Amino acid sequence: MSATLSTQTTPTARSAWWTIFRTCIEERLVYRGDFALGTLMRFLPIVTQVFLWTAVFASAKTGDGAIRGYTRDDVVAYYLLTMLGRALSSMPGLASGIAAQIRTGEIKKFMIQPIDLIGFCLAARLAHKLVYYTVAIGPFALVFWLCGDYFPEWPSASRFAAFVLALGMGFALGFFLEATLGMIGFWFLEVSSLLFVYMLFNFFFSGHMFPLEFLNGSLPKPLAAVLAYQPLQYLAYFPAAVYLGKLDDEAVLRGLALQAGWVLFFFMTCRWSMHAGMKRYSGYGG
Amino acid sequence: MSQNAAPPPPHSLLDYVRLFFMFAQNSLIRDMTFRSNFLIELVTGSVWVFMNLGFYLLIYQFTDAIAGWGQYQFFVFIATTILVNSMVQVFFMPNMQELSELVRTGGLDFALLKPIDTQFLLSLRKINWSSAGNFIVALGLLVVSLGQLPGQPTLLGACLYPLYLIAGVLLLYSVMMTLAATSIWLGRNQSLYDFWFYITSFSRYPMEIYGGSTLGDGLRLAFTYLIPILVVINVPAQLMAKPLDADSAYLAGYALLATVAGLTFSRWLFKRALESYRSASS
């Protein structure tokens, strides 16, 4: 008995992570037909957006044919780039999933097992994103190649590095921000209406509907200042604007630093709210 | 023996109308059980409408017209979109979303055992009353926008408008049923809603924007004649916001034909899909 025990080492943190990661990949691939179909469909709105913006620019009132520094081609390229950014930073079902676990009491398993809730969610997300990208890289490459004419020249190596960094931090920011929202479930149990409000803000202020420059001049001054510093812009607008060269070097560096600051902020808020929440959590029944 | 016999299955149209009202009543009772949730859903739904309007208000700061649609003409278009879509949400959407889960869990068995038309039961079992809020908001938007237009809509246009709203709802329902049939074949179709959203997103813009290029003309033809979703909003919106001409009359005639064809086709496909349903529960 003791011999068997001694050969069975307790799972290391790394092997636990690996197991979670692998299981989530397998889980994602169970309903392959559904998944592949869903991935392909995601590219359809680009087509309508191209036509919509073409129609808008065809009768634009601005003399130089550009709106706030964006030509039609820029807007289409911007839209494609935000899709790339959002594919990384959007976390469908993360916040509502955490809140549901709190409500149903499933969260108990994370309290009694040596697995960290946030770490588990992160591993699961990474696995899902990896599978998503393995499948989606085909359609993404095809669409970007087809729309190559809309893009300006390739950015410089340092610009491109900043773009990749912004995308990577966008993933982290999206994850920790949504996880924090989910933790609010410890206090309110039902967060779906709160998430809806978040979605509304996201709609306008992440810049996935239009470049945030379009709001310049339409917002009162205090709001404009908030717009410049709020975290949602890093989920979609910022990486795209970096790539398209809409920001000068100084603005890019400042943006990256601010983005890193927001990632750190939500990383800490997320941990803190999980611990505070678990302390006040009470589960009943089996 | 006879006293134990089950009530006869509904056959007449009147029986189905009665059933429908019973579904509607039950759904309302369920919604009213969670009253504050219902109110929140009403409010959030209409906030979404205003956000969308905000987006187009922003666009119209930079342009006078999108593909020949002035700001208030376009707002009539948006109001029409919301009217049609809110009716789809009220009557069909929650049921269709549930269908894919019913297939996966095997719950569809119970629907098949009921002595009424399966498509009727699965399509209208739940009425989502909270989506009706958007309908009211859209009516308001329609009235305000029409007041801002230089000319009034023709009497004929105004009379045909409700008819074409219903035709639009039925056409979208056909597309939805067709997609639902695929969930029976695939075993699960969680992306059903995404699918639906992305396909119908083509119908949310004036058809004139799909023009001037091979791809645009192709899309316009495909979404008019192959999957006729472009007529869903465009026909009623044109009747209200634009002067009638030969083209719009032709399109209006075609839209009715497409609705009948769509309903027939989707029912046929759904029945075929049901034949290949393998219960997941046993």
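Residues numbered from 1 in each chain as written. Chains lettered and ligands numbered in written order. Predicted model: local features only at pLDDT ≥ 70, side-chain atom pairs only at ≥ 80, totals over all residues. Heavy atoms only, no water.

The name recorded for chain B in an unreviewed UniProt entry is ABC-2 family transporter protein, from Botrimarina hoheduenensis.

Chain A carries the name ABC transporter permease in an unreviewed UniProt entry, which gives Botrimarina hoheduenensis as its organism.

Visitor: Is there a simple way to think about the overall build of chain A in this case?
Guide: Of regular secondary structure, chain A possesses 14 helices and 0 strands. Shown N-terminal to C-terminal, the secondary structure of chain A runs as helices and strands in the order α-α-α-α-α-α-α-α-α-α-α-α-α-α. Of all 286 residues assigned to chain A, the portion counted as buried reaches 49%. Look at the contacts in chain A between residues 6 or more apart in sequence, and 82% of them connect residues 24 or more apart. Only carbon and sulfur atoms are counted for the fraction: they give 67% of the accessible area of chain A, which is about 14,600 Å². (Helix = DSSP H or I, 4+ residues; strand = E, 2+ residues; numbered from the N terminus. Buried < 20%, exposed > 50% of the residue type's maximum accessible area, 1.4 Å probe, protein only. Contact = heavy atoms within 4.5 Å. Areas by Shrake-Rupley, 256 points an atom, 1.4 Å probe, with all protein chains shown as cover.)

Visitor: How should the confidence of the model for chain A be read in this particular structure?
Guide: The predicted structure's coordinates, where accompanied by low pLDDT, should not be read in detail. All names here are of chain A. Summary statistics for chain A give a mean pLDDT of 84 and a share of 90% for residues scoring 70 or more. For chain A, the element scoring lowest by mean pLDDT is helix H1 (residues 2-7), at 41; helix H13 (residues 237-243) scores highest, at 95. With pLDDT under 50 throughout, residues 1-9 is counted as low confidence; its partners more than four residues away or in other chains account for 0 contacts. (pLDDT = per-residue confidence, 0-100.)

Visitor: Where do I start with the interface of chain B and chain A in this structure?
Guide: How big an interface is tends to be stated in terms of accessible area lost as the parts join. Facing the 37 residues of chain B at the interface are 34 residues of chain A. When chain B packs against chain A, the two sides together hide about 3,300 Å² of surface, and 76% of this comes from carbon and sulfur. By the criterion of area lost to chain A, the three top residues of chain B are Phe55(B), Phe62(B) and Tyr198(B), representing 22% of everything that side buries. Counting across the chain B and chain A interface gives 0 salt bridges. For the interface between chain B and chain A, the tally reads 2 residue pairs in polar contact (both at pLDDT 80 or more). Looking at the side of chain B that touches chain A, the elements that each hand over two or more residues are helix H2 (35-59), strand E1 (65-66), helix H9 (192-200) and helix H10 (214-226) of chain B. (Buried area = accessible area lost by both parts, 1.4 Å probe. Salt bridge = Lys/Arg side-chain N within 4 Å of Asp/Glu carboxyl O. Polar contact = N/O pair within 3.5 Å; in protein donor to acceptor, adjacent residues only side chain to side chain.)

Visitor: So what exactly am I meant to see when it comes to the UniProt feature "transmembrane region" (unreviewed entry) in chain A here?
Guide: Following the UniProt record, the feature "transmembrane region" (unreviewed entry) maps to residues 35-56, 76-100, 130-151, 157-177, 184-205 and 251-270 of chain A here. Taken end to end, residues 76-100 of chain A is 84% helix and 0% strand, and its first and last C-alpha atoms sit 37 Å apart. (UniProt positions renumbered as here; feature names shortened; annotations may be inferred.)

Visitor: Looking at this structure, I do not really get the confidence of the model for chain B. What am I missing?
Guide: The predicted model of chain B has a mean per-residue pLDDT of 86, with 93% of residues at 70 or higher. Model confidence for chain B, summarised as mean pLDDT per element, is weakest for H9(B) at 75 and strongest for helix H3 (residues 71-91) of chain B at 94.

Visitor: Mind showing me how you'd approach the pattern of salt bridges here?
Guide: Think of it this way: side chains of opposite charge can pair up when their charged atoms draw near. One pass over the structure, following the stated rule, counts 11 salt bridges over all chains. Note that Glu106(A) and Lys109(A) form a salt bridge whose closest N and O atoms lie 3.5 Å from each other. A residue is classified by how much of its surface remains accessible, and Lys109(A), at 33% relative accessible area, is partly exposed. Between Lys126(B) and Glu98(B) there is a salt bridge whose closest N-O contact spans 2.7 Å. Note that Lys126(B) is positioned in the loop between helix H6 (118-124) and helix H7 (132-148) and Glu98(B) in helix H4 (residues 93-105), a separation of 28 residues in sequence.

Visitor: Is there a simple way to think about the packing of helix H5 (residues 72-89) of chain A against helix H8 (residues 117-146) of chain A in this case?
Guide: A pair of packed helices can be characterised by two numbers: the angle between their axes and the separation between those axes. Residue and element names in this part refer to chain A. The contact between H5 and H8 brings their axes to 11 Å, and the two run at 175 degrees. One element, H5, and the other, H8, form an angle in the roughly antiparallel class. Along the contact surface, H5 presents Leu80, Leu81, Met83, Leu84, Ala87 and Leu88, while H8 presents Lys129, Tyr132, Tyr133, Phe140, Val143 and Phe144. Of the residues assigned to the contact of H5 with H8, the class counts are 11 nonpolar, no polar and 1 charged. (Axes fitted to C-alpha atoms, helices over the stretch in contact; angles between N-to-C directions. Parallel < 35°, antiparallel > 145°, perpendicular 65-115°, else oblique. Nonpolar A, V, L, I, M, F, W, Y, C, P; charged D, E, K, R; others polar.)

Visitor: Honestly, the packing of aromatic side chains in this entry has me stumped. Any pointers?
Guide: Note on aromatic pairs: each is described by the distance of the centres and the angle between the planes. Residues and elements named next belong to chain B. Evaluated as defined, the whole model comprises 48 aromatic pairs over all chains. Ring geometry for Phe55 and Tyr56: centres 5.0 Å apart, planes at 65 degrees, overall edge-to-face. Take Tyr56: its relative accessible area is 7%, and that puts it in the buried class. (Phe/Tyr/Trp six-rings, centres within 6.5 Å; stacked < 30°, edge-to-face > 60°.)

Visitor: What is the right way to look at the UniProt feature "transmembrane region" (unreviewed entry) in chain B in this model?
Guide: Residues and elements named next belong to chain B. When the UniProt feature table is mapped onto this chain, "transmembrane region" (unreviewed entry) is found at residues 38-60, 72-92, 132-149, 161-186, 219-237 and 249-270. Secondary structure across residues 72-92 comprises 95% helix and 0% strand; the distance between its end C-alpha atoms is 30 Å. Summarising residues 161-186: 100% helix, 0% strand, and an end-to-end C-alpha distance of 38 Å.

Visitor: Can you help me understand helix H12 (residues 246-275) of chain B in this one?
Guide: Three or four residues apart is the spacing at which side chains of an α-helix point the same way, because the helix has 3.6 residues per turn. Across its 30 residues, H12(B) extends 44 Å between first and last C-alpha, which sits within 8% of the 44 Å expected from 1.5 Å per residue. The backbone nitrogen of Asp247(B) has a side-chain oxygen 3.3 Å away, supplied by the residue at the start of H12(B), namely Asp245(B). (Expected span 1.5 Å × (residues − 1).)

Visitor: How do you make sense of the nonpolar core when you look at a structure like this?
Guide: Among soluble globular proteins, nonpolar side chains are generally buried collectively. Grouped together as the largest cluster of nonpolar side chains are 180 residues, with contacts concentrated most on Trp53(A), Phe210(A), Phe214(A), Tyr56(B) and Leu108(B). Per-element tally for this core: the top contributor is helix H8 (residues 155-186) of chain B, with 15 residues. Those residues in contact with Phe210(A) that lie beyond four places of it in its chain are Trp53(A), Tyr78(A), Phe204(A), Leu215(A), Phe55(B) and Leu58(B). Counting residues in hydrophobic clusters, the runner-up holds 6 residues, among them Ile20(A), Phe21(A), Ala124(A) and Ala127(A). (Core = buried A, V, L, I, M, F, W, Y, C linked by side-chain atoms within 4.5 Å.)

Visitor: What exactly am I supposed to notice about a nonpolar patch on the surface here?
Guide: All names here are of chain B. Side chains of Leu13, Leu14, Val17 and Phe21 sit close together on the surface and give an oily, nonpolar patch of about 440 Å² of accessible area. Looking at the element boundaries, Phe21 is found in helix H1 (residues 13-33). For Phe21, a relative accessible area of 53% gives the class exposed. (Patch = residues over 30% accessible without salt bridge, like charges linked within 9 Å, V, L, I, M, F, W, Y side chains within 5 Å.)

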